[in-house]
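The lines below spell out each chain.
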Amino acid sequence: MSFRLDPTQAGWSNVNLQLARAERADKTQQSLTYYVTNSKGQNYVSYGASVEGGKPPPPVTGVLYFDAVSDRSLGWSEEMRKSIEAQIAAAPKVTETLLTIRCTVEQGRFRIWLNGRFMSELPLEADMNPSGSMRILAYPGAELTSVRVNPLPAPGLFEPLSISGHLNAAPI
């Protein structure tokens, strides 16, 4: 799922993704939740993942910063200071960045990536069914740009390749 967050109107913005929403064998509800949020004036996003149903593992939370270097040193040369300040000025802002969440749900685990960075893996109980419905909640200032759902490739579809010699995409 790809989206943008712009908290300028409401002061905060949030996207919440719930996967594997279903009823368990004991008639209790199950779901896997992942959220990304940003507050006005902050150049980072907070994220969290949790499991509902059964005996869930502890939730995972974290922060993804968009600032490059934030501290300056008086020991830097003038050339180094200018270079670092140019990098700080060129660092992307949250409101200008297309954010992408990638989640995989399979028997025994729930894994999450944010903008290509691995964020967490939550173990799932053996009786938790990874299928079920999906729900996306987009709060004020959130703009969804794409959502894709694909089945995971079956295990064993990878072909082992020798690392001796040279390899490019042509022989594959």
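Remember, predicted model here, so these are calculated numbers, not experimental data.

A. Molecular detail of the pattern of salt bridges. One pass over the structure, following the stated rule, counts six salt bridges. Lys27 is the partner of Glu23 in a salt bridge, and the nearest nitrogen-oxygen pair spans 3.7 Å. In this structure Glu23 comes out as partly exposed when scored by relative accessible area, which is 47%. With its nearest N and O atoms 2.2 Å apart, the salt bridge here joins Glu78 to Arg81. Pair noted here: Glu78 and Arg81 are both in helix α1 (residues 78-90), with a separation of three residues, about one helical turn.

B. Spatial organisation of the packing of aromatic side chains. Within this structure, the stated rule accounts for four aromatic pairs. When the ring of Trp12 is compared with that of Tyr139, the centres are 5.7 Å apart and the planes differ by 45°; the resulting orientation is tilted. Residue Trp12 is found in strand β2 (residues 12-23), and its partner Tyr139 is found in the loop between β9 (133-138) and β10 (142-146); the two are separated by 127 residues along the sequence. Since its relative accessible area comes to 34%, Trp12 is described here as partly exposed. Residue class for Tyr139 comes out partly exposed when judged on its relative accessible area of 33%. The side chain of Arg102 reaches across the aromatic face of Trp113, ending 4.4 Å from its centre.

C. Examining the environment of Val63 more closely. Mapped onto the elements of the fold, Val63 is located in strand β5 (residues 60-65). For the pair Val63 and Asn38, spaced 25 residues apart in sequence, the C-alpha separation works out to 10.0 Å. Among all residues touching Val63, those that are not within four sequence positions of it are Tyr44, Val45, Ser46 and Tyr47.

D. Geometry of the nonpolar core. Core analysis: the biggest nonpolar cluster contains 26 residues, and Tyr34, Val36, Val45, Ile101, Phe110 and Leu114 have the highest contact counts within it. Elements supplying a minimum of two residues to this core: β1 (2-5), β2, β3 (29-39), β4 (44-52), β6 (99-106), β7 (109-114) and β8 (117-123). For Ile101, the contacting residues outside a window of four places in its chain are Met1, Phe3, Leu17, Tyr34, Val36, Ile112, Trp113 and Leu114.

E. View of the pairing of β6. Here two bridges tie β1 to β6, and the two strands are oriented antiparallel to one another. By the bridge assignment for β6, Phe3 is matched with Leu99. Pairing geometry for β6 and β7, over six bridges, is antiparallel. Bridge pairing in β7 links Glu106 to Arg109.

F. Structural detail: the sheet that holds β5. Taken together, the five strands give an open sheet; going across it, the order is β5-β4-β3-β2-β9, and neighbouring strands pair in antiparallel fashion. Each edge of the sheet is formed by a strand with only one pairing partner; in this case those strands are β5 and β9. Across the sheet, the mean angle from the axis of one strand to that of its neighbour is 15°, orientation sign disregarded. Here six bridges tie β4 to β5, and the two strands are oriented antiparallel to one another. The residue bridging Ser46 from the neighbouring strand is Val63, located in β5.

About the criteria used
- Residues numbered from 1 in each chain as written.
- Predicted model: local features only at pLDDT ≥ 70, side-chain atom pairs only at ≥ 80, totals over all residues.
- Heavy atoms only, no water.
- Salt bridge = Lys/Arg side-chain N within 4 Å of Asp/Glu carboxyl O.
- Buried < 20%, exposed > 50% of the residue type's maximum accessible area, 1.4 Å probe, protein only.
- Helix = DSSP H or I, 4+ residues; strand = E, 2+ residues; numbered from the N terminus.
- Phe/Tyr/Trp six-rings, centres within 6.5 Å; stacked < 30°, edge-to-face > 60°.
- Lys NZ or Arg CZ within 6 Å of the ring centre and 35° of its normal.
- Contact = heavy atoms within 4.5 Å.
- Core = buried A, V, L, I, M, F, W, Y, C linked by side-chain atoms within 4.5 Å.
- Pairing = 2+ DSSP bridges.
- Axes fitted to C-alpha atoms, helices over the stretch in contact; angles between N-to-C directions.

Structural measurements only, silent on function.
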